[in-house]
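Single-letter residue listing:
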Amino acid sequence: MTSTTPATTRTAVPAPRRSAPSAGRALRADIQGLRAVAVGLVVLSHAGVPLLAGGYIGVDVFFVISGFLITSLLLRELATTGRVSLRSFYARRALRLLPASSLVIAVTLGGAWLFLSKARLAEYAGDALAGALYTVNFRLAAAGTDYLARNSPPSPFQHVWSLAVEEQFYLVWPVLLLLTWRIARGRRAVVAVPLAALCLISFTAGVLVTNASAPWAYFATPTRAWELGAGALLALADARLRRLPARLAAPLSWLGLACVTSAAFWYDDRTPFPGHHALLPVAGTVLVLAGGCVPTRFGAGRLLERRPLVRLGGLSYGWYLWHWPLLVIVPPALGSTDGTAEVPLALGLSAVALGLARLTLLLVENPVRFHRAFHGRPRRALALGAALTASVSALSLTATAVPPTIEVGGPAPSLARALTDAPDPSGRLAELLTSSPTALPGNLAPPLTEVKSSRSAVYRDGCHADYAATRPRLCVYGDRTSSRTVVLFGDSHAAQWFPALRRLAGERGWRLVSLTKASCKVADVTVVHGHKPYTACDTWRSRAVRTIGALRPALVVVSSSDAGDPAHPAADRARQWTTGFAHTFRALGASGARVAALLDTPWPKADPIDCAAGNSLQLHACAHHLPEATRDATRHRAVRAAASATGAAVVDPAPWVCSPRTGLCPVVVADTAVHRDDSHLSEAYAEALTPVLAPALDRLVAGP
């Protein structure tokens, strides 16, 4: 969301009256009030206020308002001069947007450097850089499709994605409008035709992409452009809208306001958005704007033009910019264990953000925007914008180059070498687990800041199927010509063992086939994903089992996370899981393969990398313990029961993650971080465990 109108008053707030109906000539007070509604919905939603989980639709409201006002301004210039001064247009936007956004990004980066995870500073600095360059929406879309990053805490720069969408839209729209205006010789109805076609294409893309990849649908400009285009189409019809009968305009505006507020109450995080659901808030905003083109005593303007709402609308841009960083940074700074704020604190922080918005308007936005040095001098304004962008970019790059210091202790022995050289790898690992370091080793490999970014070949090669996939992709590693095939099958908690299996395949001359899919359980049980039955997993699983049968492997190593609930839970869930595992184990065994069921690994109590970064000299504060570290003991018993009934072997990795003697589950063993996030083993730790895993698999591969 961003305030985009060029027609904001300097300091005075419009009185609650009907202003001139032309959007280009004077600021409509009802639009300022609608801005207040939109930003209020967004802020209250982010603050966690019950019943307003759908307040994110406030961004859609702002997109429509922006398209309407900016296009009205451009049309006025075209009608007056027959041309559009792109230099002046971008100069106005630079003066309007960049002083405040540059300030907020710089302050937010400082807050992240001081109070957020030191291990994520490079990630946040990258977000700041992308925010300054108006490309952060694509960065967020890419991160949203990264399975291993899905549980990461939100970026303090996440909210500036909407500014990026608008600026990308306005790189194209003024030029397109100018070209179509000249071709159509100023006939607005003709100009509207290609715009309407583009809106239809964008909306259709949004619906299709929402089903295939929700992050790209939410953040990408092509799937959001139709919302700005809807406002632009409305601006093209402005002259006709002013001729609407008042008795029709008034109910239209109230209906539109009802649509906007209804979406905020009805929608939540389970709503596939934007998709076709975005139609309700977009259409509602269009109706409010259309009805407001006609002065009437009984329209929604009667409410929206109230002085408090008009004043709040004037602060909407700054409030939007400030509220999110405060909600993300202040709770960890105050010692919140999960990094989030309870509703009372969140509301208090939102109020502080409103005060900061007021100060920013008075001390930064207006003084720069209306300074006589820039009046009628677009080159100076563009130079200022370039300087601000360059300064924030340089600050972001500096933060990446000079990250906050993570204190470390002395060096630790190499875990991989210790286990490889040990005559009894399991016994040596038990010793290292019991004597795990209390301070982060100075020779941690890889360094703490690189643990999360490490990706094994199964991810780099695109072999780990995403949520939508229903057809397994055969990825082969090791000795491709070997007659002895080993299959890795399951979800990401099976894929976490890929580094160890690939090393074993290379050493033993096996042909390794990887078949894994995001959150897809080994058990033949339909689970919930995205608040609905994960049927894509069921289809993929059945096809993968048939594929494995055709491979006739010597061994199938199966594993899956203990997280996830059945979509249709039975009265006896333990039996439901046992039956589901047994069905899959039998189907896999029918190929003649041995089946090795790796139980899920113990889970850390929080994100261990973030915790280690903040407690680098007191790592025991981040450690977990058995049995609490076992995510679902019932699921473990179900695997064992199913294996007993089908002849499958069970391998329990708990003694490889937690000390068999004390039950302590450290975050670092020797020189290696155990986990990469709140559930997965790190790439380095999984590979280091190869000598411990090898004996069990060797026996199974060599067995009958």
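This write-up is about the structure you can find in this document. (Residues numbered from 1 in each chain as written. Predicted model: local features only at pLDDT ≥ 70, side-chain atom pairs only at ≥ 80, totals over all residues. Heavy atoms only, no water.)

## Here's the deal with empty space enclosed by the protein
With the rule as written, the count across this model stands at five cavities of 30 Å³ or more. Taken as a whole, the largest cavity holds about 110 Å³ of empty space. As for the largest cavity, its lining consists of 15 residues, of which S559, S560, F581, L598 and V639 are closest to the centre. Secondary-structure elements contributing two or more residues to the lining of the largest cavity are β7 (555–559), α25 (573–589), β8 (594–598) and α27 (633–646). The element best represented in the lining of the largest cavity is α27, accounting for three residues. (1 Å grid on protein atoms, 1.4 Å probe; cavity = no way out; pocket = protein on both sides within 12 Å on 5 of 7 lines; lining within 4 Å. Points joined across faces, edges and corners; volume = space filled by probe spheres on them. Helix = DSSP H or I, 4+ residues; strand = E, 2+ residues; numbered from the N terminus.)

## Overview of helix α9 (residues 225–236)
An α-helical turn contains 3.6 residues, so any two residues separated by three or four positions project in the same direction. In a regular helix each residue adds 1.5 Å, so 12 residues correspond to 16 Å; α9 covers 16 Å between its end C-alpha atoms and thus fits that length. Turning to α9, its buried residues number three or more, namely A225, W226, E227, L228, G229, A230, G231, A232, L234, A235 and L236. Tucked inside the fold, the buried residues of α9 contact α2 (58–81), α6 (161–184), α7 (188–212), α10 (238–241) and α12 (279–291). (Expected span 1.5 Å × (residues − 1). Buried < 20%, exposed > 50% of the residue type's maximum accessible area, 1.4 Å probe, protein only. Contact = heavy atoms within 4.5 Å.)

## Looking at the packing of helix α23 (residues 498–508) against helix α30 (residues 690–702)
Closest axis-to-axis distance for the α23/α30 pair is 10 Å, and the angle between their directions is 65°. Note that α23 runs across α30; the crossing there is right-handed. Packed against α23, whose contacting residues are A500, L501, R503, L504 and R508, the element α30 presents T690, P691, L693, A694, L697 and D698 at the interface. Each residue belonging to the contact of α23 with α30 can be placed in one class, and the counts come to seven nonpolar, one polar and three charged. (Axes fitted to C-alpha atoms, helices over the stretch in contact; angles between N-to-C directions. Left-handed = near helix turned anticlockwise from the far one by under 90°. Nonpolar A, V, L, I, M, F, W, Y, C, P; charged D, E, K, R; others polar.)

## Description of the nonpolar core
L34, I57, F68, W161, W173 and L289 are the most contacted members of the largest nonpolar core, which has 110 residues in total. Here this core gets 12 residues from one element, more than from any other, and that element is α2. Leave out the neighbours within four places in its chain, and L34 touches V61, I65, L257, T285, V288, L289 and L304. Counting 51 residues, the second largest nonpolar core, distinct from the first, contains Y147, V557, A688 and L700. (Core = buried A, V, L, I, M, F, W, Y, C linked by side-chain atoms within 4.5 Å.)

So far we have only geometry, and geometry alone does not tell us how the molecule works.
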